[in-house]
Amino acid sequence: MTAADFNDTRYFPMLFALVIAFGYFGVVILNKFRLLIAAVHRPAYFRDLPMRAANVITYAIGQKKMFKEPRAGVMHALIFWGFLVLQIRTIYLVVLAFLPEATIPFIHHPYALAKDVTEVVVLLMVVYAAYRRVVVKPPRLTLSGEALLVLFMIGALLVSDLLFDAFLFAEGLNSGQHVDRWTDEMAWAPVGALMSGWFMEMDAGHLIFGREAAYWTHIFIVLCFLNMLPGSKHFHVIASVPNTLFGEVKSPGALRPIEDIEEQESFGVDEVLDFDMRQILDTYTCTECGRCSVNCPTTLTEKPLNP
């Protein structure tokens, strides 16, 4: 049995997994989107689009606000940027279920090197993030099982991907076929190549089992993580970009005027639809990071209110 023959068995399981995962995800996202559409709209959201696009690059992609706390900011930014880089790899692994001999166009080998380096860096940042939550325990952070679970899932994604390469390389070299191809692949994936040495003594059956176990572990975690996002604070992974795009571009501290104030029958918020789209996006994007409490005057003066 060749690697390509075994990959053919991924086709229907992958198709089934994608339909179930994205079907459920689509239903949940549709409900959240309906709430946004039903909220009070403000035409100003669609003005100043160049400035809004610049804000997305600066704050959502560039993570500018994260560096107010340098160490935590660097950690968060590296995990986020690594997350973006590694999306290519995840998409590639899904494509392999349908096209077993596929490669990443134009950048297959350089990307393999960037991917390996990125995974090592992100794995170190995940370890630091766990240490910060469990040992350092900044007062503004609430230790939660969900946060630790997500860090574990990210770490497992990285390790399973590296193990996939390691088993694949060991299998390729042990087969004695296309050795030049495998040595070339390994030259561009140094971490996977190094780890492959752990498995060189295993027989072909165990190598195939290890490769497929690593592959499906990665896919399973990705799809579970995808469907965890909408129901958790980690929904900000998806909501932060539109929230930044539709964010305020007016002067800081400027208040929204109340139109026709003499004719208003109620003020403030009585029900969820009284929020506008941006305010609902704010709730979707909240990460429970505690920075609102750190900067709240009532909390700083030890009054009961704590946001």
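Residues numbered from 1 in each chain as written. Predicted model: local features only at pLDDT ≥ 70, side-chain atom pairs only at ≥ 80, totals over all residues. Heavy atoms only, no water.

### What about the confidence of the model for the chain?
Logical step 1: Summarising the model, the chain shows a mean pLDDT of 86, and 90% of its residues fall at 70 or more.
Logical step 2: Confidence drops under a pLDDT of 50 for residues 1-6, and excluding neighbours within four residues, the segment shows eight contacts in the predicted structure. (pLDDT = per-residue confidence, 0-100. Contact = heavy atoms within 4.5 Å.)

### Re a nonpolar patch on the surface
Logical step 1: On the surface, a nonpolar cluster with roughly 520 Å² of combined accessible area is contributed by Ile61, Phe67, Val74, Trp81, Phe83, Leu84 and Val241.
Logical step 2: Here the nonpolar patch gets four residues from one element, more than from any other, and that element is helix α4 (residues 70-96).
Logical step 3: Position of isoleucine 61 relative to the elements: it lies in helix α3 (residues 49-61). (Patch = residues over 30% accessible without salt bridge, like charges linked within 9 Å, V, L, I, M, F, W, Y side chains within 5 Å. Areas by Shrake-Rupley, 256 points an atom, 1.4 Å probe, with all protein chains shown as cover. Salt bridge = Lys/Arg side-chain N within 4 Å of Asp/Glu carboxyl O. Helix = DSSP H or I, 4+ residues; strand = E, 2+ residues; numbered from the N terminus.)

### Details of the pattern of salt bridges
Logical step 1: Under the criterion given, the structure shown has ten salt bridges.
Logical step 2: The residue arginine 132 makes a salt bridge to glutamate 69 at a minimum N-O spacing of 3.5 Å. Of this pair, arginine 132 sits in helix α5 (residues 108-136) while glutamate 69 sits in the loop between α3 and α4; the two residues are 63 residues apart in sequence, bridging distant segments of the chain.
Logical step 3: Arginine 132 gets classed as buried once you look at its relative accessible area, which sits at 11%.
Logical step 4: Residue classification places glutamate 69 among the partly exposed residues on the basis of a relative accessible area of 32%. (Buried < 20%, exposed > 50% of the residue type's maximum accessible area, 1.4 Å probe, protein only.)

### Observations concerning α5
Logical step 1: In a regular helix each residue adds 1.5 Å, so 29 residues correspond to 42 Å; α5 covers 40 Å between its end C-alpha atoms and thus fits that length.
Logical step 2: Immediately downstream of α5, the backbone of lysine 137 shows phi near 55 degrees, a positive value. (Expected span 1.5 Å × (residues − 1).)

### A short note on the environment of leucine 223
Logical step 1: Position of leucine 223 among the secondary structure elements: in helix α9 (residues 204-228).
Logical step 2: Leucine 223 sits 202 residues away from alanine 21 along the chain, and the two C-alpha atoms are 6.1 Å apart.

### Quick look at the environment of phenylalanine 83
Logical step 1: Here phenylalanine 83 lies in helix α4.
Logical step 2: Residue phenylalanine 83 is classed as partly exposed on the basis of its relative accessible area, which comes to 31%.
Logical step 3: Separated by 36 residues in sequence, phenylalanine 83 and glutamate 119 place their C-alpha atoms 9.2 Å apart.
Logical step 4: Phenylalanine 83 has contacts with Phe225 and Val237, leaving out every residue within four places of it along the chain.

### Notes on unusual backbone geometry
Logical step 1: Unusually for a residue other than glycine, aspartate 48 sits at a positive phi of about 55 degrees.
Logical step 2: Here aspartate 48 is to be found in the loop between α2 (11-38) and α3.
Logical step 3: You can call aspartate 48 partly exposed: its relative accessible area is 44%.
Logical step 4: With a phi close to 55 degrees, lysine 137 is a non-glycine residue in the positive phi region.
Logical step 5: By the element assignment, lysine 137 lies in the loop between α5 and α6 (145-175).

### Details of the nonpolar core
Logical step 1: Grouped together as the largest cluster of nonpolar side chains are 40 residues, with contacts concentrated most on Met14, Leu93, Phe164, Tyr215 and Ile219.
Logical step 2: Listed by contribution, the elements that provide at least two residues to this core are α2, α4, α5, α6, α7 (179-188) and α9.
Logical step 3: Looking at this core, the element that brings in the most residues is α6, giving ten residues.
Logical step 4: Non-local contacts of tyrosine 215, meaning those with residues more than four positions away in its chain, are made with Arg10, Met14, Leu93, Val94, Leu96, Ala97 and Phe164.
Logical step 5: Ala39, Tyr45, Phe235 and Met277 belong to the second largest nonpolar core, which has ten residues in total. (Core = buried A, V, L, I, M, F, W, Y, C linked by side-chain atoms within 4.5 Å.)

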